[in-house]
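# Descriptive analysis of the structure
Here's the letter readout for the chains.
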Amino acid sequence: MGETATAAGRPGRRRGAARERLLAAAARRFYADGVGATGIDTITAEANVAKMSLYNNFSSKADLVMAYLDARHAEWLSLYRRRLEEAEGGRGGVLAVFDAYADHAAFAYENGFRGCGLLNAAAELPAGHAGRAVVRRHKEEVEDLLAGHLDELLPGRPGQARAVAEHLSFLLEGAVARAGLEGAGTRLEHARSMAADLLDRL
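Residues numbered from 1 in each chain as written. Predicted model: local features only at pLDDT ≥ 70, side-chain atom pairs only at ≥ 80, totals over all residues. Heavy atoms only, no water.

## As for the confidence of the model for the protein
- Averaged over all residues, the pLDDT of the protein is 91; the fraction at 70 or higher stands at 93%.
- A low-confidence stretch, residues 1–13 (pLDDT under 50), is modelled with 2 contacts involving residues beyond four sequence positions or located in other chains. (pLDDT = per-residue confidence, 0-100. Contact = heavy atoms within 4.5 Å.)

Below you can see the structure in the form of structure tokens.
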């Protein structure tokens, strides 16, 4: 590859790196301090990039918030898929969902675990905001994953599978909320044990 081609490739790589730094900085600050309390200057300072770099990568703070929500969803899915590789059958699949949430809670957050980052952000967004729809889709996808695994455990009983999936999603959300208030994943461990017990009684 010639010098011209190499030089032409560098700006794109720099922009990509800047975008990742900005998104990582926004994720840290949005989760620790809240979406509304975090300004553009704070994000660019933490990412160590110029303010113009933010606007070269995101059209606005609102666009950055949407990217954060999408990234948080993708991050959880990655944890779930990793857990699913080790799971066996429908029971293992259900517990993989709980394990993925526990893995998320175990991250080294600046101020400790504060609950579901998606729900925390949604609580700050006004009704009708597109970000709230992203969060809703995430929660619906998690419940659909639970229902899919339960279909394996309850073949031919889709109604019961869906009802148990809703029950487990409520258990999971309650555990996440309590864990967030307490700053530790203990409640998620308890919720996983309760889910395992329920599955054993199906």
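## Quick look at the UniProt feature "domain: HTH tetR-type" (unreviewed entry) in the protein
- Here, the residues flagged by UniProt with the feature "domain: HTH tetR-type" (unreviewed entry) are residues 16–76.
- End-to-end, the C-alpha atoms of residues 16–76 are 22 Å apart, and along that stretch the chain is 80% helix and 0% strand. (UniProt positions renumbered as here; feature names shortened; annotations may be inferred. Helix = DSSP H or I, 4+ residues; strand = E, 2+ residues; numbered from the N terminus.)

## Here we look at the environment of Gly183
- Within the element layout of this structure, Gly183 appears in the loop between α8 (158–182) and α9 (186–200).
- Distance in space between the C-alpha atoms of Gly183 and Gly115 is 7.8 Å, their sequence separation being 68 residues.

## Some details on empty space enclosed by the protein
- If you walk through the whole model with that rule in mind, you get 2 cavities of 30 Å³ or more.
- Counted as a void, the largest cavity has a volume near 90 Å³.
- Lining the largest cavity we find Arg72, Trp76, Tyr101, His104, Phe113, Gly115, Cys116, Gly117, Leu118, His138, Val176 and Leu188.
- Residues of the lining of the largest cavity, tallied by class, amount to 7 nonpolar, 4 polar and 1 charged.
- Considered as a void within the structure, the second largest cavity measures approximately 40 Å³ in volume.
- The wall of the second largest cavity is formed by Phe30, Tyr31, Gly34, Val35, Tyr68, Arg114, Gly117, Asn120, Ala121 and Glu124.
- At the level of elements, α1 (3–33) and α6 (117–124) are the ones that each hand at least two residues to the lining of the second largest cavity.
- Residue contributions to the lining of the second largest cavity peak at 4 residues, all from α6.
- Residue composition of the lining of the second largest cavity, by class: 5 nonpolar, 3 polar and 2 charged. (1 Å grid on protein atoms, 1.4 Å probe; cavity = no way out; pocket = protein on both sides within 12 Å on 5 of 7 lines; lining within 4 Å. Points joined across faces, edges and corners; volume = space filled by probe spheres on them. Nonpolar A, V, L, I, M, F, W, Y, C, P; charged D, E, K, R; others polar.)

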